[in-house]
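Chains, contacts and geometry: an overview
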Amino acid sequence: MSQKLKQGFMRNVKLGAGSLRLLMNLWPPFIGAGIHVERIAPDYTEARVRMRMGLLNRNYMGTHFGGSLYAMTDPFFALLIMHQLGRRYVVWDKSSAIDYQLPGRGTVHATFRITPEQIEDIRHATASGGKYEPSFSVDVLNRQGEVVARVDKTIYVRLKPSS
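As a starting point, this report considers the structure included with it. (Residues numbered from 1 in each chain as written. Predicted model: local features only at pLDDT ≥ 70, side-chain atom pairs only at ≥ 80, totals over all residues. Heavy atoms only, no water.)

If you check which residues of helix α5 (residues 116-126) are buried, you get I119, I122 and T126. Here the buried residues of α5 occupy an arc of 60° about the axis, which is enough to place them on one side. The exposed set on the far side of α5, more than 90 degrees from its buried face, consists of P116, E117 and H124. Residues of α5 that are buried make contact with α4 (76-85), β3 (89-100), β5 (135-141) and β6 (147-159). (Buried < 20%, exposed > 50% of the residue type's maximum accessible area, 1.4 Å probe, protein only. Helix = DSSP H or I, 4+ residues; strand = E, 2+ residues; numbered from the N terminus. Arc of directions from axis to C-beta. Contact = heavy atoms within 4.5 Å.)

Okay, the pattern of salt bridges next. Within the structure shown, the criterion is met by 8 salt bridges. Here E133 ties to K131 by a salt bridge, and the two come within 3.6 Å at their closest N and O atoms. Taking the relative accessible area as the measure of exposure, E133 reaches 29% and is therefore partly exposed. The exposure class of K131 is partly exposed, given its relative accessible area of 48%. Through salt bridges with shared partners, a single network forms among E38, R48 and R50. (Salt bridge = Lys/Arg side-chain N within 4 Å of Asp/Glu carboxyl O.)

Below, the discussion takes up the nonpolar core. In terms of nonpolar packing, the biggest core is built from 40 residues, with I40, M72, I81, V91 and F112 touching the most fellow members. Element by element, the count of residues in this core is highest for α4, at 8 residues. In this structure, I40 is in contact with A17, L20, R21, M24, E46, A47 and L80, ignoring residues within four places of it in sequence. (Core = buried A, V, L, I, M, F, W, Y, C linked by side-chain atoms within 4.5 Å.)

What follows is about the pairing of β6. Where β3 and β6 come together, 11 bridges link them in antiparallel fashion. Of the residues in β6, the one forming a bridge with S95 is T154. Bridge count for β5 against β6 is 7 bridges, and the pairing is antiparallel. Within the sheet, the bridge partner assigned to V138 lies in β6 and is V151. Once β5 ends, the chain turns through 5 residues before running back antiparallel as β6, passing G145 with a positive phi of about 85°. (Pairing = 2+ DSSP bridges.)

Here we take up a nonpolar patch on the surface. On the surface, L22, L26 and I31 cluster together to form a nonpolar patch covering roughly 310 Å² of accessible area. Examined against the element boundaries, I31 turns out to sit in helix α2 (residues 28-33). (Patch = residues over 30% accessible without salt bridge, like charges linked within 9 Å, V, L, I, M, F, W, Y side chains within 5 Å. Areas by Shrake-Rupley, 256 points an atom, 1.4 Å probe, with all protein chains shown as cover.)

Here's what the structure looks like:
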């Protein structure tokens, strides 16, 4: 397999959803930003993440630092897809954009969902070995259910070449 398609060693470690959630909650960048993974569904169809306002993730204006709002959304679509597709696929984040809607104050949360139909669409689109770059969106919500930010993610997916 080409260097370009190789993924990190953690990709080959078989983790249950609960173990992955625990490891992510112990990951220093998430701890520092106040990000907490509340739930990862056992079938990897959904993840829920929250971030409390704290001294380390507050900006000059007294609201959530934009980088922390982005960080709380960064890996989840790729992780959900990766775990649903299995080891025969290469999955990477390709691009992303964040649109800030309201100042983030207090605790914010985001829920990520990847349906079996979306996974089937990815399998179909990559069956011939070509790449596929589906896009997904998630809203970061405050306690009142208002959209603080919308994040759009494009994911790169390809069936690994057989060797």
